[in-house]
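Notes for the structure review
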Amino acid sequence: QVQLVESGGALVQAGGSLRLSCAASGSGFVLNAMGWYRQAPGKQRELVATITSGGGTNYADSVKGRFTISRDNAKNTMSLQMNSLKPEDTAVYYCTLVTTPWRVYWGQGTQVTVSS
């Protein structure tokens, strides 16, 4: 069983920056891909960014050039550096990961609010 703990969500002004963190704990697993999704009020959950165990990254077009995903495999942690934040980035951000044995886990979510 894996537990995910997210942190870093906050209220920030447009143009500001935030750093989200996700820590995985537990035993008997190997971390594979990790990622961040977000869900704004009244909208479907959408992909923000993913990172493979080897460090390969993928970003939604809406955040390319502004957000950077990273991970520390030794510490089982992942981060999302968010710069030049816009009001449309306001959402609950969820950490997710895939393990071996294969299973998908989700965090509880952390609120990011960007004021204009």
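In the block above lies the structure referred to throughout.
First things first, this report covers the structure right here in the doc. (Residues numbered from 1 in each chain as written. Predicted model: local features only at pLDDT ≥ 70, side-chain atom pairs only at ≥ 80, totals over all residues. Heavy atoms only, no water.)

1. Structural notes on the sheet that holds strand β7 (residues 67–72)
Our working definition: Here a strand pair is declared whenever DSSP counts at least two bridges between the two strands. Runs of H or I in DSSP of at least four residues are treated as helices and runs of E of at least two as strands, each being numbered from the N terminus. Axis geometry follows a simple rule: fit a line to the C-alpha atoms, using only the stretch in contact for helices, then measure angles between N-to-C directions, giving values from 0 to 180 degrees.
Here we have four strands laid out as an open sheet, ordered β1-β3-β8-β7, and antiparallel in their pairing. For this open sheet the edge positions go to β1 (2–7) and β7, each flanked by a neighbour on one side alone. Each strand axis lies, on average, 15 degrees off the axis of its neighbour in the sheet, ignoring direction. When β1 meets strand β3 (residues 18–26), the two strands line up antiparallel, connected through six bridges. The residue of β3 that forms the bridge with valine 2 is glycine 26.

2. Describing the nonpolar core
The condition is simple: Only buried residues count toward a nonpolar core, which is a set of Ala, Val, Leu, Ile, Met, Phe, Trp, Tyr and Cys residues joined through side-chain atoms within 4.5 Å. A 1.4 Å probe rolled over the protein chains alone gives each residue an accessible area, and that area as a share of the maximum for its type sets the label: buried under 20%, exposed over 50%, partly exposed in between. Note on contacts: a residue pair is in contact if any heavy atoms of the two residues lie within 4.5 Å.
The biggest cluster of nonpolar side chains holds 31 residues, and the ones touching the most others in it are Trp36, Leu80, Met82 and Tyr93. Looking at this core, the elements that each hand over two or more residues are β1, β3, β4 (30–39), β5 (46–51), β7, β8 (77–82), β9 (91–100) and β11 (110–115). In contact with leucine 80, not counting residues within four places along its chain, are Leu18, Arg19, Leu20, Trp36, Val48, Ala49, Phe67, Thr68, Ile69 and Tyr93.

3. Some points on the pairing of strand β10 (residues 103–106)
Where β9 and β10 come together, four bridges link them in antiparallel fashion. By the bridge assignment for β10, leucine 97 is matched with tyrosine 105. What sits between β9 and β10 in their antiparallel hairpin is a turn of two residues.

4. Points about the state of the cysteines
The condition that has to hold: The definition used for a disulfide is geometric: two cysteine sulfur atoms within 2.5 Å.
Tallied over the full model, the rule gives one disulfide. Linked covalently through their sulfurs, cysteine 22 and cysteine 95 form a disulfide whose S-S length is 1.9 Å. With the S-S bond torsion at -65 degrees, the cross-link from cysteine 22 to cysteine 95 turns out left-handed. Placement of cysteine 22 in strand β3 and of cysteine 95 in strand β9 is noted, with a sequence separation of 73 residues between them. You'll find cysteine 22 and cysteine 95 in the same group, each marked buried.

5. Examining the side chain of arginine 66
Definition in use: Each polar contact in these results corresponds to two N or O atoms within 3.5 Å; when the atoms are within protein, one needs to be able to donate a hydrogen and the other to accept it, and residues that are neighboring in sequence are counted only if both atoms are side-chain atoms.
Tracing the chain through its elements places arginine 66 in the loop between β6 (57–59) and β7. At a separation of 2.8 Å, a polar atom in the side chain of arginine 66 contacts the main-chain carbonyl oxygen of serine 62. Non-local contacts of arginine 66, meaning those with residues more than four positions away in its chain, are made with Gln81, Met82, Asn83, Ser84, Leu85, Lys86 and Asp89.

6. Concerning the packing of aromatic side chains
Heads up, the rule is: Two rings from Phe, Tyr or Trp (for Trp, the six-membered ring) form a pair when their centres sit within 6.5 Å of each other. Planes less than 30 degrees apart are called stacked, planes more than 60 degrees apart edge-to-face, and all others tilted. Comment: the charge-over-ring label is applied if NZ (Lys) or CZ (Arg) is within 6 Å of the ring centre and within 35 degrees of the ring normal.
Counted by the stated rule, this structure contains one aromatic pair. An angle of 65 degrees between the planes, with centres 5.2 Å apart, marks the rings of tyrosine 37 and tryptophan 106 as edge-to-face. In this pair, tyrosine 37 sits in strand β4 while tryptophan 106 sits in strand β10, placing the two residues 69 residues apart along the sequence. Relative accessible area serves as the criterion here: at 39%, tryptophan 106 is assigned to the partly exposed category. We note arginine 45 situated over the ring of tyrosine 94; from NZ or CZ to the ring centre the distance is 3.7 Å. Geometry around tryptophan 106 places arginine 45 over its ring, the cationic atom sitting 4.8 Å from the centre.

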